[in-house]
Amino acid sequence: MSQKINITIDTNILDIGGAERTVQTLALYLDKTKFDMRVLAMERGGPRVKLLEEQGVRVHVGDGTIGKIKQLIPQPAVDILHFHRSGQNESPLHKAVVDYLKPKKLMETNIFAFPDPVLGPRFDLQIYKSQMMLAERVWKGQEKSPEACLRQRVIYNPVTVEYFDQFRLISDERAAKRAALGIKDTDVVIGRVGRNDSVKWGDLILSAIPTILEKNPCVKILFRTVPSARLPWLKKRNFFDGRVVVLPESSTEKEIAETYQLLDIYVHTSRRGEAFGNSLNEAMVWALPIIVENTPHWDNGQLEQVDHGKTGWVVQSVGGLVGAVEHLVKHEGERHAFGLAGREKVIQSFDSQKGVKQYELAYLQLMGIADSDTVLREMYPGADDVISYHQRYRELR
């Protein structure tokens, strides 16, 4: 390839969410000998801007207007414009950016599988974050074929395992940080890492807390963080007596990584599920056994991440959650085995080397450098897996 492919990765903001982390990973790990890349945050920046700029990535931060973007990019020469977005027609700015930058090829990573009647027909390639989102949402009632995977396919969020490993605590550091929070050596700590965002939260864990603590006196619960609207519920029931600890929201990678390491069991509940939950993969990087809520009524991509009975437990009720916690509290060996299996799954299936290469393959496909046979042969997950997922999902749910 004699000339680099010019790529603009486009997102609304560069906050601490999972979509923004994927943008960050691509910006840092794409093959710079093949791709000339910049990031455009159309509406505002966020904590990831500094991190990217410190690593030499070109970042343009807009103010929500096309006029500002024209100032930031006065002479656009874009081969591929790659949106990372919810999928729906969020703002007229999206179309305005496409019309101004005039990319040769247009693609999106569609996080929630929402349709967009305005830009949707213009995309040359659409990426979805899990087989569930593509097979059960986008393709529902439609023909499924390998050829369809050349226009709409799945790429899992890439996980930077080696990057997280730099934040590993030694045993004495872990013990000291736990002790500072009132956690004894004999305590088993369950918890969750998230944001002050009720949309991403699930109250199943709150409903289970009284019974979990009653049945398991050795359990402490650690959250980073919980939605502010849920704090009065915890306070009213006197759980802030040392049994439940809530840390403030953080955008610091080191603090977040250390929080995972203070836990023994990771519990993830969400009323709307996950298209593909970054925090689940990050918890598995830290070899934590997972208890995750099954949400067949909404997004349910987490069932592709957590293997029931192998890397954790999938539950769908308060009783199921309480039972899973009680079982893992009593079986330390199983906690350890689940955790190691989860970390191995992330390395084998979701590691950044594999995920970034899939995005590179998509870019080469769009520019006509990788032919259809090559794309179908090298894509992961493969076309046959995605096409047959409908039947497997019936069994999983």
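Counting from 1, residues in each chain are numbered in the order their sequence is written. A pLDDT threshold of at least 70 governs which residues receive local features in this predicted model, and a stricter bar of 80 or more applies before side-chain atom pairs are shown or counted, although totals over entire chains, interfaces and linings include all residues. To get the side-chain values, take all heavy atoms of the structure and skip hydrogens and water.

Quick look at the layout of surface pockets
Here is the rule we go by: Cavities and pockets are defined on a 1 Å grid built over the protein atoms alone: a cavity is a set of grid points where a 1.4 Å probe fits but cannot escape, while a pocket is an open set with protein on both sides within 12 Å along at least five of seven lines, and lining residues are those with an atom within 4 Å of any such point. Grid points are joined across faces, edges and corners, and a volume is the space filled by probe spheres set on the points. Secondary structure is summarised from DSSP: a helix means a run of H or I of at least four residues, a strand means a run of E of at least two, and numbering begins at the N terminus for each. Polar here means any residue other than Ala, Val, Leu, Ile, Met, Phe, Trp, Tyr, Cys and Pro, which are nonpolar, and Asp, Glu, Lys and Arg, which are charged; Gly is therefore polar.
If you add up the space inside the largest pocket, you get close to 1,200 Å³. Along its surface, the largest pocket is lined by 49 residues, and Ile 16, Gly 17, Gly 18, Glu 20 and Arg 195 are the ones closest to its centre. When residues of the lining of the largest pocket are traced back to their parent elements, those giving at least two are α1 (18–29), α2 (47–54), β4 (80–85), β8 (188–193), α10 (253–261) and α11 (278–285). Sort the elements by how many residues they give to the lining of the largest pocket and α1 lands first, with five residues. Here the lining of the largest pocket is composed, by residue class, of 15 nonpolar, 17 polar and 17 charged. As a volume, the second largest pocket reaches approximately 560 Å³. Lining of the second largest pocket is provided by 28 residues; of these, Arg 174, Leu 263, Asp 264, Ala 287 and Leu 288 occupy positions nearest its centre. Sorting the residues of the lining of the second largest pocket by element identifies α7 (171–180), α10 and α13 (332–350) as the ones contributing at least two each. Broken down by element, the residue count for the lining of the second largest pocket peaks at six residues, all from α13.

Overview of the packing of aromatic side chains
Threshold: Stacked, tilted and edge-to-face are the three classes applied to pairs of Phe, Tyr and Trp rings, where Trp contributes its six-membered ring and a pair requires centres within 6.5 Å; stacked means planes under 30 degrees apart, edge-to-face means over 60, and tilted covers the rest. Note on exposure labels: buried denotes an accessible area under 20% of the residue type's maximum, exposed denotes more than 50%, and partly exposed covers the range between, all computed with a 1.4 Å probe on protein chains only.
Under the criterion given, the structure shown has 14 aromatic pairs. Consider the rings of Tyr 260 and Tyr 266, whose centres lie 5.8 Å apart with planes at 45°: the pair is tilted. By the burial criterion, Tyr 260 is buried, and Tyr 266 matches it. Members of the aromatic cluster, connected to one another through ring pairs, are Tyr 156, Phe 276, Phe 350 and Tyr 380.

Let's talk about the sheet that holds strand β5 (residues 105–110)
We apply this condition: Two strands pair if DSSP finds at least two bridges between them. For every element, the axis is a line fit to its C-alpha atoms; helices are fit only across the contacting stretch, and the angle between N-to-C directions ranges from 0 to 180 degrees. Residues count as neighbours in contact if any of their non-hydrogen atoms are within 4.5 Å of one another.
Taking strand neighbours across the sheet as the criterion, the seven strands line up as β3-β2-β1-β4-β5-β6-β7 in an open arrangement whose pairing is parallel. Looking along the sheet, the strands with just one partner apiece sit at the ends: β3 (58–61) and β7 (152–154). This sheet shows a mean twist of 20° between the axes of neighbouring strands, independent of strand direction. The pairing of strand β1 (residues 5–11) with strand β2 (residues 35–41) spans seven bridges and is classified as parallel. Bridging from a neighbouring strand, Ile 5 pairs with Phe 35 of β2. Against the sheet, α1 engages β1, β2 and β4, with an angle of about 150° to β4.

Let's talk about the pattern of salt bridges
Side chains carrying opposite charge are able to pair once their charged atoms draw close together. Rules: Salt bridge, as used here: a side-chain nitrogen of Lys or Arg that lies within 4 Å of a carboxyl oxygen of Asp or Glu.
Following the criterion strictly, the structure yields 25 salt bridges and no others. Of the charged contacts in the structure, one is a salt bridge between Asp 165 and Arg 168, with a shortest N-O distance of 3.1 Å. Ionic pairing is found between Lys 330 and Glu 326, a salt bridge with its closest N-O pair at 3.5 Å. Pair noted here: Lys 330 and Glu 326 are both in helix α12 (residues 318–330), with a separation of four residues, about one helical turn. Since its relative accessible area comes to 59%, Lys 330 is described here as exposed. Put simply, Arg 21, Arg 48, Glu 253 and Glu 282 are held in one network by salt bridges that share partners.

Re the pairing of strand β12 (residues 290–293)
Side chains Ile 290 and Val 292 project from β12 onto one buried face, and the interleaved Ile 291 and Glu 293 project onto a second face that is buried too. Sheet analysis places strand β11 (residues 265–268) next to β12, joined by three bridges and oriented parallel. Each bridged residue has a counterpart across the sheet, and for Val 267 the counterpart in β12 is Ile 291. Relative to strand β13 (residues 312–315), β12 is paired through four bridges, and the arrangement is parallel.

A closer look at the packing of α1 against α2
Convention followed: Roughly parallel means an angle under 35 degrees; roughly antiparallel, over 145; roughly perpendicular, 65 to 115; everything else is oblique.
Look at α1 against α2: their axes get within 11 Å of each other, and the N-to-C directions meet at 5°. With respect to each other, α1 and α2 are oriented roughly parallel. Listed contacts from α2 to Glu 20, Arg 21, Gln 24, Ala 27 and Leu 28 of α1 are Arg 48, Leu 51 and Leu 52.

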